[in-house]
Amino acid sequence: MSQKISLTRYLVEQQRMEGHIPSQLRLLLEVVARACKSISQAVNKGALGGENSIMGTAGSENVQGEVQKKLDIIANEVLIEANEWGGHLAAMASEEMDSIYVVPNRYPQGEYLLLFDPLDGSSNIDINVSIGTIFSVLKMPEDDRGVDEGDFLQAGNKQVAAGYCIYGPQTTLVLTVGDGVAMFTLDREQGSFVLIEENVTIPEDTQEFAINMSNMRHWDEPVKRYIDECLAGKDGPRGKDFNMRWVAAMVADVHRILCRGGIFMYPWDKREPEKAGKLRLMYEANPMSWLIEQAGGMATNGKQRILDIQPGKLHERVSVILGSKNEVERVTSYHAKL
Ligand code: AHG
Ligand code: MN
Ligand code: MN
């Protein structure tokens, strides 16, 4: 790319030429990107942050009963503080907050709703492995008189923007506003995100899968069948060898799939059968599923398209199978044969 295109310019052009994004949504995305930049700075400092070090646990639990790391809380605060005053949002929801955060009265209220997983891959923070922030943007329902949790309960196919920022060897923001997937890497000297890839496309076939194999004994039959067939390699029914990767941060596993294809699964399993899965529908599965679909891939819970699931509650969990189209279709078809 001869001329560098910043995220700001990309968004302005999307607004001007494609008519995809109204100015309030453009502002929102700029603010989210700014917050991610600031989280990236803190991540980079690591233990050198002194009193503000991001390493270690915070000594508290979130609504899902998970131990919160310091960075989970710091990232959550950064995103709230950055977004509450701009006038573009009505409310926010986060993995780290029990209920929704309504924009305080002292600020104007906008028409958008922002959901986020402020810090994905928490178990990677202290070991210097890739982590990220995932976000999803919805619109307030028309003629709504005051925001409440019910306004957030919209299917993923209603998202108006979705993306993530990965804090890895590079900090890269990946975004869709419904017109394909674009990637922007943070240029630390310039302080801005620069377009590195437009129209990201996932190959339909793959020989790479991502699943936490230690849960194998708890899996359901269709998932077990699929992985068994992959593991059988060249001599098995698939007639080819497969490779395995598991970063333990959905952001990093999805990023790899957007870069070179693959399939990612965090399926329902028998450990806690009453839970639909581990990952959260509204701020993990939905934004990632939309990105994957926008790049030509597919995302299901084994039975239906994730983006068509009507959420019943904010922190709802879901079984996730996403990535290269032909592989996701195959696992989904195994579920149908049950
Ligand atoms: P979070 O850190 O936001 O709680 O999410 C972690 C999720 C997801 O990113 C990852 O794919 C998965 O948990 C890892 O789970 P295991 O620890 O079972 O490997
Ligand atoms: Mn997460
Ligand atoms: Mn998280």
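Just so it is clear, the structure is predicted and the values come from calculations on it, not from any experiment. (Residues numbered from 1 in each chain as written. Chains lettered and ligands numbered in written order. Predicted model: local features only at pLDDT ≥ 70, side-chain atom pairs only at ≥ 80, totals over all residues. Heavy atoms only, no water.)

**Section: the overall build of the protein chain**
Counting secondary structure elements, the protein chain contains eight helices and 17 strands. Taking 2.2 N^0.38 as the reference for a compact globule, 338 residues should give roughly 20 Å; the C-alpha atoms of the protein chain span a radius of gyration of 20 Å, in line with that estimate. Counting only residues that meet the buried cut, the protein chain has 56% of its 338 residues in that class. In the protein chain, the proportion of contacts linking residues at least 24 apart, taken out of those at least 6 apart, comes to 63%. Accessible surface for the protein chain amounts to roughly 14,600 Å². Of this, 46% is attributable to carbon and sulfur atoms. Of the charged side chains in the protein chain, 35 are positive and 47 negative, and the gap between their average positions amounts to 4 Å. (Helix = DSSP H or I, 4+ residues; strand = E, 2+ residues; numbered from the N terminus. Rg over C-alpha atoms; globule rule 2.2 N^0.38 Å. Buried < 20%, exposed > 50% of the residue type's maximum accessible area, 1.4 Å probe, protein only. Contact = heavy atoms within 4.5 Å. Areas by Shrake-Rupley, 256 points an atom, 1.4 Å probe, with all protein chains shown as cover. Lys, Arg positive; Asp, Glu negative; His and termini not counted. Charge placed at Lys NZ, Arg CZ, Asp CG, Glu CD.)

**With respect to the packing of helix H2 (residues 23–45) against helix H3 (residues 70–83)**
Contact pair H2 / H3: the axes reach a minimum separation of 9 Å and the direction vectors enclose 150 degrees. In this view, H2 runs roughly antiparallel relative to H3, as classed from their interaxial angle. H2 and H3 meet at a crossing whose hand is right-handed. Residues Leu28, Val31, Val32, Ala35, Ser38, Ile39 and Val43 of H2 form the contact with H3, whose participating residues are Leu71, Ala75, Val78, Leu79, Ala82 and Asn83. Looking at the contact of H2 with H3 residue by residue, the class counts come to eleven nonpolar, two polar and no charged. (Axes fitted to C-alpha atoms, helices over the stretch in contact; angles between N-to-C directions. Parallel < 35°, antiparallel > 145°, perpendicular 65-115°, else oblique. Left-handed = near helix turned anticlockwise from the far one by under 90°. Nonpolar A, V, L, I, M, F, W, Y, C, P; charged D, E, K, R; others polar.)

**Here we look at the coordination of the manganese ion (ligand 2)**
In the first shell of the manganese ion (ligand 2), the protein supplies Asp117 (OD), Asp120 (OD) and Glu284 (OE), at 1.9 to 2.1 Å from the metal. For the manganese ion (ligand 2), the single-chain donor residues occur in sequence as D-x2-D-x163-E. Accessibility expressed as a relative area gives 1% for Glu284, which makes it buried. (Donors = N, O, S within 2.8 Å, 3.2 Å for Na, K, Ca; no water.)

**Describing the nonpolar core**
One finds Leu28, Leu29, Leu114, Leu173 and Phe184 to be the most contacted residues of the largest nonpolar core, which totals 45 residues. The biggest single contributor to this core is H2, with ten residues. Among residues more than four places away in sequence, those in contact with Leu114 are Leu28, Val32, Asn83, Leu89, Ala91, Met92, Ala93, Phe135, Ser136, Val137 and Phe152. With 44 residues, the next largest nonpolar core counts Ala210, Ala252, Ala299 and Val318 among its residues. (Core = buried A, V, L, I, M, F, W, Y, C linked by side-chain atoms within 4.5 Å.)

**Concerning H3**
End to end, H3 covers 20 Å across 14 residues, agreeing with the expected 20 Å (1.5 Å per residue, within 8%). Among all positions of H3, only Leu71, Asp72, Ala75, Asn76, Val78, Leu79, Ile80, Ala82 and Asn83 are buried. Lining the buried residues of H3 we find H2, strand S2 (67–69), strand S3 (89–94), strand S4 (101–102), strand S5 (112–120) and strand S6 (131–139). (Expected span 1.5 Å × (residues − 1).)

**Looking at the pattern of salt bridges**
Taken as a whole and judged by the stated rule, the model has 18 salt bridges. The salt bridge partner of Arg256 is Asp253, with a shortest N-O separation of 2.9 Å. With Arg256 and Asp253 both in helix H6 (residues 250–260), this residue pair falls three residues apart, about one helical turn. No difference in accessibility class separates Arg256 from Asp253, as the two residues are buried. For Asp269, the salt bridge goes to Arg271, with nearest N and O atoms at 2.8 Å. Owing to a relative accessible area of 41%, Arg271 belongs among the partly exposed residues under this scheme. (Salt bridge = Lys/Arg side-chain N within 4 Å of Asp/Glu carboxyl O.)

**Considering the site of ligand 1**
Taken together, 18 residues form the shell around ligand 1, and within it Asp120, Gly121, Ser122, Met250 and Tyr266 come nearest. The side chain of Tyr266 places a nitrogen or oxygen atom 2.6 Å from an oxygen atom of ligand 1. For ligand 1, the protein covers 86% of the area, taking 470 Å² as the surface of the free molecule. For the shell around ligand 1, the secondary structure elements donating two or more residues are S5, strand S13 (263–266) and strand S14 (279–280). (Near = heavy atom within 4 Å. Polar contact = N/O pair within 3.5 Å; in protein donor to acceptor, adjacent residues only side chain to side chain.)

**Concerning the coordination of the manganese ion (ligand 3)**
All of the protein donors around the manganese ion (ligand 3) are Glu95 (OE), Asp117 (OD) and Leu119 (O); their distances to the metal are 2.2 to 2.4 Å. Each donor residue of the manganese ion (ligand 3) lies on one chain, and together they are spaced E-x21-D-x1-L. Between the manganese ion (ligand 3) and the manganese ion (ligand 2), a spacing of 3.7 Å is present, and a bridge between the two is formed by Asp117.

**Let's talk about the sheet that holds strand S15 (residues 298–300)**
Pairing is mixed across the open sheet formed by five strands, whose spatial order is S12-S11-S13-S17-S15. Two strands bound the open sheet, and with one partner strand each, they are strand S12 (243–244) and S15. Bridge count between S15 and strand S17 (residues 320–323): three bridges; the pairing is antiparallel. Each bridged residue has a counterpart across the sheet, and for Met298 the counterpart in S17 is Gly323. Here helix H7 (residues 281–294) sits on the sheet and contacts S15 and S17; the angle it forms with S17, its principal contact strand, is near 30 degrees. (Pairing = 2+ DSSP bridges.)

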